[in-house]
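Each chain, letter by letter, is given below.
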Amino acid sequence: MKKSVFAAAVVASFVASNIAKAEPQAEVLHWWTSGGEAKSVAVLQKEFADNGGTWTDMPVAGGGGDAAMTALRARVLSGNAPTAVQLKGPAIQEWYEEGVLADISAVAEEKGWDTVLPASIAGHMKCEGSWCAAPVNVHRVDWIWANADVLEANGIAMPNTWDEFNAAADKLQAAGVIPLAHGGQAWQDATVFEAVALGLGGPEFYQQALVDLDPAALQSDTMIAVFDQMRKLRGYVDGNFSGRDWNLATAMVMNGEAAFQIMGDWAKGEFLAAGKAPGEDFLCSSTPGNGYLYVVDSFAMFDVDGDDKKAGQNLLADLIMGPNFQEVFNLNKGSIPARTDVALDKFESCAHTSAADMAASSDEGSLLPSYAHGMALRGAQAGAITDVVTAHFNSDMSSADAVKMLADAVANSL
Ligand code: BGC
């Protein structure tokens, strides 16, 4: 061994043993503050503490994570990045390009993450070949949740087409029930919009419009039909929807004030945390149409000083991908494990539907990243689309004007 190589090896093993001896510390930035979310993140906090770690919680409330991402930017700009951050999709790559992420390849390789993750999920977690994030789950976005009693009392079945949805909503409205529980926050509008786009346009259209940003698809008649349906949905929402948090909308379905909510399966985490049973108290089905819109929640580690923090990052990464954590966390969160080798025996029927549909859509090529939840596009493009979606939803803008504005906004964001 050459002298310098030998010296480097000695330093490396000294550093490794120091990190091993250091007491793991982690300041963790996340936006899991609703009932179901808090229960889920508590699983990680407990495992971290059980393994000798000290967790400093940095929750930033706000569904979809917009506020958390603003807080993150401020911290990184002031040179004081949190140890671990709930971060996903292209945002991981964006932060990597800023040169501020830590490399967690040592843990990932030692634990063989590549062998237990689907290639598509592993791809989101790697930055130029090295591991830069650890995945906790797979959430599905394109779901409709319903209050079982309300549907039964009104002689309504879960809708299989958007026309059926509209007919059910008209009937409910006539009966004095709020058809659609919705919170008027931009990310919630975007959540509904992408489910409608997938449903009315199909997977290929979704890919062209909201992943590839093809100008023809963005201005197509199909996109006009999508905005028409958004206008219809606006009419099914109650007058107090503005600014309402998503979990309060879920509560409206739970208590029978509203019939449906279109939301990712973190909403199921709320139903389950409140002791509600699928098939009895609440119903789940994918929104009308084909395909599957996925979100993979993950944690990225930021470059920080201190052996205790580095030890915390390694421990967190290891725990996040642990089979036990992936089971317990996802039972609470409403999602399914990212690892393919975790049995779903303890999961309820909606999770089984999610797993089966994910496998089928992966085979058919209709497994698609959610744009609304930061899996498909970079921040600037996703933001440009959401601004138009929300401007349309909250005004009397025509669908024709909306598609024009959409194409312009996307073009300007590139
Ligand atoms: C995240 C979920 C979270 C939801 C609501 C989504 O973007 O992927 O983990 O529960 O936002 O906050």
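Our subject in this report is the structure included herewith. In this text, all values refer to a predicted model and were calculated from it rather than measured experimentally.

Rules and cut-offs
Per chain, residue numbering runs from 1 following the sequence as it is written. Local features in a predicted model are, by the rule used here, given only for residues with pLDDT of at least 70; side-chain atom pairs are given and counted only at 80 or more, and totals for whole chains, interfaces and linings are based on all residues. Side-chain metrics rest on all non-hydrogen atoms present in the structure, leaving aside hydrogens and water. Per the convention used, a helix needs a DSSP run of H or I reaching at least four residues, while a strand needs a run of E reaching at least two, with both numbered from the N terminus. Note that patches include only residues with greater than 30% relative accessible area and no salt bridge, and the join distances are 9 Å for like charges and 5 Å for nonpolar side chains (Val, Leu, Ile, Met, Phe, Trp, Tyr). Method for areas: the Shrake-Rupley scheme with a 1.4 Å probe, in which residue coverage is limited to the protein chains shown. In what follows, salt bridge is the name for a side-chain nitrogen of Lys or Arg lying within 4 Å of a carboxyl oxygen of Asp or Glu. Positive: Lys, Arg. Negative: Asp, Glu. His and the chain ends are not part of the count. Here the site of a charge means NZ on Lys, CZ on Arg, CG on Asp, or CD on Glu. We call a residue buried when its accessible area falls under 20% of the maximum for its residue type, exposed when it is over 50%, and partly exposed in between, using a 1.4 Å probe and counting protein chains only. Each pair of strands is called paired provided DSSP finds at least two bridges between the two strands. As defined here, a cavity is a set of points on a 1 Å grid over the protein atoms alone where a 1.4 Å probe fits but cannot get out. A pocket is an open set with protein on both sides within 12 Å along at least five of seven lines, and residues line them when an atom is within 4 Å of a point. Grid points are joined across faces, edges and corners, and a volume is the space filled by probe spheres set on the points. Residue polarity is assigned by list, with Asp, Glu, Lys and Arg as charged and Ala, Val, Leu, Ile, Met, Phe, Trp, Tyr, Cys and Pro as nonpolar; anything else, Gly included, falls into the polar class. Boundaries between domains were set according to an automatic or database domain assignment.

### A look at unusual backbone geometry
1) Next: Backbone geometry at Glu128 places phi at a positive 45 degrees, although glycine is not the residue there.
2) Next: Residue position: Glu128 is located in the loop between β4 (126–127) and β5 (130–131).
3) Next: In this structure, Leu213 is a non-glycine residue whose phi angle is positive, near 55 degrees.
4) Next: For Leu213, the position within the fold is in the loop between α10 (186–211) and α11 (215–218).

### With respect to a negative patch on the surface
1) Next: Taken together, the side chains of Asp149, Glu152, Glu280 and Asp281 define an acidic patch exposed on the protein surface.
2) Next: Of note, Asp149 is situated in helix α8 (residues 148–153).

### Here's the deal with the pairing of strand β12 (residues 292–295)
1) Next: Burial along β12 is two-sided: Tyr292 and Tyr294 facing one way and Leu293 and Val295 facing the other are all buried.
2) Next: Taken together, the two bridges between strand β7 (residues 137–140) and β12 define a ladder with antiparallel strand orientation. Residue pairing in the sheet places His139 in a bridge with Val295 of β12.
3) Next: Summarising the sheet, β12 and strand β15 (residues 367–369) pair through three bridges and their orientation is parallel. If you follow Leu293 over to β15, its bridge partner there is Leu368.

### Regarding the layout of surface pockets
1) Next: Empty space within the largest pocket amounts to approximately 700 Å³.
2) Next: Taken together, 28 residues line the largest pocket, and the ones lying closest to its centre are Asp66, Met69, Ala91, Gly374 and Gly379.
3) Next: Among the secondary structure elements, those contributing two or more residues to the lining of the largest pocket are α3 (66–77), α4 (90–97), α10 and α18 (379–393).
4) Next: Tallying contributions element by element places α18 first for the lining of the largest pocket, with five residues.
5) Next: Looking at side-chain class alone, the lining of the largest pocket contains 13 nonpolar, nine polar and six charged residues.
6) Next: Taken together, domain 1 (23–139 + 295–353) and domain 2 (141–294 + 364–413) each give at least three residues to the lining of the largest pocket, which thus spans both.
7) Next: By volume, the second largest pocket amounts to about 340 Å³.
8) Next: If you trace the second largest pocket, you find 16 residues lining it, with Asp103, Ala106, Val107, Lys310 and Asn314 closest to the centre.
9) Next: Of all the secondary structure elements, the ones that give two or more residues to the lining of the second largest pocket are α5 (105–110) and α15 (307–320).
10) Next: Residue contributions to the lining of the second largest pocket peak at five residues, all from α15.

No statement about biological role is implied by the geometric values presented.
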